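Here is what each chain is made of, one letter per residue.
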Amino acid sequence: MIRALACVVLALQAVTPPPKFDSARAWEHLRQLVAIGPRPSGSPAIEQTRKYIREQLAAAGLTATEQAWDEQTPIDRIRMVNLIATIPGARKERIVFAGHYDTKLYRQFRFVGASDGGSSAAFLLELARVLKGRKNPLTIELLFLDGEEARLPDWHGTDNTYGSRHYVDLAKRDASLTTLKALVLIDMIGDRDLNMRRDTNSTPWLTELIWREAARQGRDDDFLAGSTKIEDDHLPFLAAGVPAVDIIDLDYEAWHTAEDTLDAVSARSLQVVGDVVLGAPPKIEARLTKN
Ligand SMILES: [Zn+2]
């Protein structure tokens, strides 16, 4: 009887599909983040954003750990915080899914960053829920990065990617970088008119894997054949020898303007990217667990 029951349980596990990416949930996160208003690093609003992220991760059964430090920027000294949630897998080697949750500081207009800062954080929250419900051969880490945006108006020198540089520095020091096998960076994926292009700074095999998955899903209209060169939070990882891909749509009319609001983004875009990104882990795992 027990054996029969065990068989039933196993059969049920086999037929119960893992959860799918639900853009309605991701959209609700995006709406909540935008409702907080501008969320630049060091502001009370970004603290409120962290509270929301922590609560939503907790609702998915995950605990966020904080990586906090004081950062000297060209204009001020501010507290920055990366948030990390880990889903243990069968092996300790890990795939990191990252994105930034800060929005660029603008004093002359109200910048709520629906796609730029909002979409990546909202996306990672829904990704966390889905991956938590999956049997993961490798450990999965969700990394919410602070300080991607430059504090000064223009992107220059080291006045940007504060969170990713800090994370990689610490990971080198505590040797946790050795178990970091791949980084999938998500940035600005909300654009209603999705135009993804391959980033030539990214690791070719990882980029190829994502674009092939997109093609398999019939998303050639969203994941285009062209390429571009992007400076983003993946660069410190690449410099440290971690394979990394940046999934970003910088072909966005509302980029760094007051128009980067809910009107410029869509749940459909979140769904398209969600489906494609979730097609990647099995392929990344197959490659990484080969030896
Ligand atoms: Zn930006």
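Residues numbered from 1 in each chain as written. Predicted model: local features only at pLDDT ≥ 70, side-chain atom pairs only at ≥ 80, totals over all residues. Heavy atoms only, no water.

A complete count under the given rule lists 19 salt bridges for this structure. Residues Arg129 and Glu126 are paired through a salt bridge, measuring 2.8 Å at the closest nitrogen-oxygen approach. Linking Arg129 with Glu126, this pair stays in helix H4 (residues 114-132), spanning three residues, or about one helical turn. A salt bridge links Glu208 to Arg198, with the nearest nitrogen and oxygen atoms 2.9 Å apart. With Glu208 in helix H6 (residues 204-216) and Arg198 in strand S6 (residues 196-199), the pair connects residues that are 10 residues apart, well separated along the chain. For Glu208, a relative accessible area of 29% gives the class partly exposed. Salt bridges here are not isolated pairs; linked through shared partners, they connect Glu47, Arg50, Arg54, Glu66 and Asp146. (Salt bridge = Lys/Arg side-chain N within 4 Å of Asp/Glu carboxyl O. Helix = DSSP H or I, 4+ residues; strand = E, 2+ residues; numbered from the N terminus. Buried < 20%, exposed > 50% of the residue type's maximum accessible area, 1.4 Å probe, protein only.)

Below, the discussion takes up the coordination of the zinc ion. Taken together, Asp116 (OD), Glu149 (OE), Glu149 (OE) and His256 (NE2) make up the full set of protein donors to the zinc ion, lying 1.9 to 2.7 Å away. Each of the four donor atoms bound to the zinc ion contributes to angles spanning 53 to 146°, and the resulting shape is irregular. (Donors = N, O, S within 2.8 Å, 3.2 Å for Na, K, Ca; no water. Tetrahedral: all angles 85-135°; square planar, octahedral: opposite > 155°, others 65-115°.)

Of all 11 residues in strand S2 (residues 77-87), eight are buried; the element is thus mostly enclosed. As judged from the nine bridges shared by strand S1 (residues 64-72) and S2, these two strands associate in the antiparallel manner. Paired with Asp70 across the two strands is Arg79, which belongs to S2. Between S1 and S2, which pair antiparallel one after the other, the connecting turn spans four residues. In the sheet, S2 pairs with strand S4 (residues 138-145) via five bridges, with the strands oriented antiparallel. Bridging across to S4, Leu83 finds its partner in Phe144. (Pairing = 2+ DSSP bridges.)

Now for the sheet that holds strand S5 (residues 180-187). Judged by pairing direction, the sheet is mixed, and its six strands sit side by side in the order S1-S2-S4-S3-S5-S8 without closing on themselves. Single-partner strands in this sheet number two, and they are S1 and strand S8 (244-248). When strand polarity is set aside, the average angle formed by the axes of neighbouring strands in this sheet is 20°. Against the sheet, H4 engages S2, strand S3 (91-100), S4 and S5, with an angle of about 150° to S3. Lying on the sheet, helix H8 (residues 267-288) is in contact with S3, S4, S5 and S8; it crosses S3 at an angle near 155°. (Axes fitted to C-alpha atoms, helices over the stretch in contact; angles between N-to-C directions. Contact = heavy atoms within 4.5 Å.)

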